[in-house]
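Okay, here's what each chain looks like letter by letter:
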Amino acid sequence: MLKGRNLIDPMDFSLVELEEIFNYADEIIENPKDFSHVCDGKILATLFYEPSTRTRLSFEAAMLRLGGQVLGFSEAQSSSAAKGESVADTIRTVECYADIAAIRHPKEGAPKVAAMNSKMPVINAGDGGHQHPTQTLTDLLTIRNIKGRLSNLTIGICGDLKFGRTVHSLIKAMSRYENIKFILIAPNELTIPKYIKVEVLEKNNIEFLEVEKLEDVIGGLDILYMTRVQKERFFNEEDYIRLKDSYMLDKEKMVKAKKDMIILHPLPRVNEIAVELDTDPRACYFRQAKYGMYVRMALIAKLLGVDK
Ligand code: NCD
């Protein structure tokens, strides 16, 4: 039963529950009109204490396309957080006005605190450098629908694996599927956090390789998940400037990639994928953004327990 639940961590839902969400998203993709009133009279609150384009707008588009309505704020400065209000008090207030909330916050664990203080479902829309479970739902639905499977895959993840919350959530979620191999491509300073390596990869006996050069491994990948160097998480600007262009995927590097490898990226892109690749049929990142809206439609409907 997904009704009334929260989504804070990518492991909050079982594989069966995830499949229920993906199947529902498929139904919505097939016949969106059938779902255009399932959230009539319901309100989604989007509480964004950090910048966002896709996550916030896809949540809002999702609710509007389900017939519901949306309220919220898109920067901490325009909310009472600027006056010193706690997340707990904010959520207790917002639940007087809304039926479900999506919250993005620079502090790790803030959405969990919100969920603990809320009677309505709370969705983590990104907490600091920690987790981003709805991006992971997006990534999984994209992989499942374009590659046709979530098992037997070699997944290259490239870029800022230290601060990239989408990476942490994706590895956690994919670790539950059969025969997944990760190739983790990052500069020395931006490698995957130890807790992911020890508690997720090693604990579950998942094959993984850490390398620095993309060119050396691109030929063996089924999926290449590119990420941006997370400027806002750096303590010092010099380090960011030195590392920001560590990887730039272009036509030349793609020559070695398999014909059916797909390129994913949670977006926003900075310099890590050349615009010239956007017309390559293997470039799937804008399709991925669209899947993000459909999977959020399915998620909202399931957590609210509504149906057509
Ligand atoms: C990601 C995020 O916010 O973590 N963006 C997104 O939600 N699609 C990735 C990023 O900002 O680099």
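Residues numbered from 1 in each chain as written. Predicted model: local features only at pLDDT ≥ 70, side-chain atom pairs only at ≥ 80, totals over all residues. Heavy atoms only, no water.

A. A look at the site of the ligand. Around the ligand, the surrounding shell consists of Thr55, Arg104, His132, Gln135, Arg165, Thr166, Arg228, Gln230, Pro266, Leu267 and Pro268. A distance of 2.8 Å separates an oxygen atom of the ligand from a polar atom in the side chain of Thr55. In the model, an oxygen atom of the ligand is placed 2.8 Å from a nitrogen or oxygen of the Arg165 side chain. Burial of the ligand by the protein amounts to 94% of the accessible area it has alone, namely 320 Å². Of the residues contributing to the shell around the ligand, the split by class is three nonpolar, five polar and three charged. (Near = heavy atom within 4 Å. Polar contact = N/O pair within 3.5 Å; in protein donor to acceptor, adjacent residues only side chain to side chain. Areas by Shrake-Rupley, 256 points an atom, 1.4 Å probe, with all protein chains shown as cover. Nonpolar A, V, L, I, M, F, W, Y, C, P; charged D, E, K, R; others polar.)

B. Focus on the packing of aromatic side chains. Throughout the structure, instances matching the rule amount to five aromatic pairs. Relative to Phe35, the ring of Tyr24 has its centre 5.3 Å away and its plane inclined at 80°; by these criteria the two rings are edge-to-face. In this pair, Tyr24 sits in helix 1 (residues 15-30) while Phe35 sits in the loop between helix 1 and strand 1 (43-48), placing the two residues eleven residues apart along the sequence. Looking at Tyr24, the relative accessible area reads 4%, which means it is buried. The exposure class of Phe35 is buried, given its relative accessible area of 1%. Judged by centre distance (5.1 Å) and plane angle (85°), the rings of Tyr49 and Phe73 are edge-to-face. Pair noted here: Tyr49 is in the loop between strand 1 and helix 2 (54-65) and Phe73 is in strand 2 (residues 69-73), with a separation of 24 residues, a long-range link. Across the pair, Phe73 and Tyr49 agree in class, each one buried. Joined through ring pairs, the aromatic side chains of Phe163, Phe234 and Tyr240 make up one cluster. The positively charged end of Arg296 is found above the aromatic ring belonging to Phe59, 5.0 Å away from the centroid. Across the ring face of Tyr24, the terminal group of Lys302 is positioned such that the distance to the ring centre comes to 4.6 Å. (Phe/Tyr/Trp six-rings, centres within 6.5 Å; stacked < 30°, edge-to-face > 60°. Helix = DSSP H or I, 4+ residues; strand = E, 2+ residues; numbered from the N terminus. Buried < 20%, exposed > 50% of the residue type's maximum accessible area, 1.4 Å probe, protein only. Lys NZ or Arg CZ within 6 Å of the ring centre and 35° of its normal.)

What is shown is where atoms sit, not what they do.
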